[in-house]
Amino acid sequence: MITSLLPPNSTDLERALEKTSASNFALPAEDVKEIWNPDTCSTDLLPYCAVNNGLNQWSDDWPENVKRQRISTAIEIARHQGTVKSIRDVVSAFGSAVEMREWFETEPRGKPRTFDLVLTVNSQSDASPSAKYVDDIVQAIVSAKPAAAQFLFTMGIDTAGQIGEIGFARPVISIHLISEDAR
């Protein structure tokens, strides 16, 4: 028997609705803990777990491991938003790597509040990442970077594949883009 959450002055109709819905929506507390944990949440409930953790960017096309990692790191990224750490964490959550050089690290020194970003997107399967997937990473970077900062974006795709039994090939494709703010 579930204890009523209704106040003492509730109507008969409210009590009847509570009794009916209690049997339909009963969910043990252990299940609730599993739903809000990105590591144990069922795949179909991951979007709700993402909203609960404050993740404002989501795509059903992402691989499951990326979805879970984005949810796991959402709060930590929000805490450090606007820092180099938040950009590195965002890219890492997508299973990719990034190299950054801020304006004061370049020779000659660059324009203040700018940085160069080299993103290496690791292939999540046998196929190379889609343009939408790369765009999702860039949009997450734009959300994580300092609001006034502009960046030059260079992209490489790491598609390590085995040739025979003794060698590897690493074709890298580079694309240069300038953030919308820089135009």
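Residues numbered from 1 in each chain as written. Predicted model: local features only at pLDDT ≥ 70, side-chain atom pairs only at ≥ 80, totals over all residues. Heavy atoms only, no water.

(A) Looking closely at the nonpolar core. With 24 residues, the main nonpolar core has F94, L117 and I137 as its most contacted residues. Secondary structure elements with two or more residues in this core: α4 (64-79), α5 (84-93), β1 (97-102), β2 (114-122), α6 (131-144) and β3 (150-158). Broken down by element, this core gets its largest block of residues, seven residues, from α6. Two domains each donate at least three residues to this core, and these are domain 1 (11-80) and domain 2 (81-182). Residues in contact with L117, not counting those within four places in the same chain, are I87, V98, E99, M100, I141, F151, L152, F153 and T154. (Core = buried A, V, L, I, M, F, W, Y, C linked by side-chain atoms within 4.5 Å. Buried < 20%, exposed > 50% of the residue type's maximum accessible area, 1.4 Å probe, protein only. Helix = DSSP H or I, 4+ residues; strand = E, 2+ residues; numbered from the N terminus. Domains from an automatic or database assignment. Contact = heavy atoms within 4.5 Å.)

(B) The arrangement of α4 in detail. Between its first and last C-alpha, α4 extends 24 Å over 16 residues, near the 22 Å set by a 1.5 Å rise per residue. Of all the bends in α4, the greatest, near 45°, is centred on T73. Of the positions making up α4, those classed as buried are V66, K67, R68, R70, I71, T73, A74 and I77. Structurally, α4 contributes buried residues whose contacts are with α3 (46-52), α5 and α6. (Expected span 1.5 Å × (residues − 1). Bend = angle between axes of the 7 residues up to and from the residue.)

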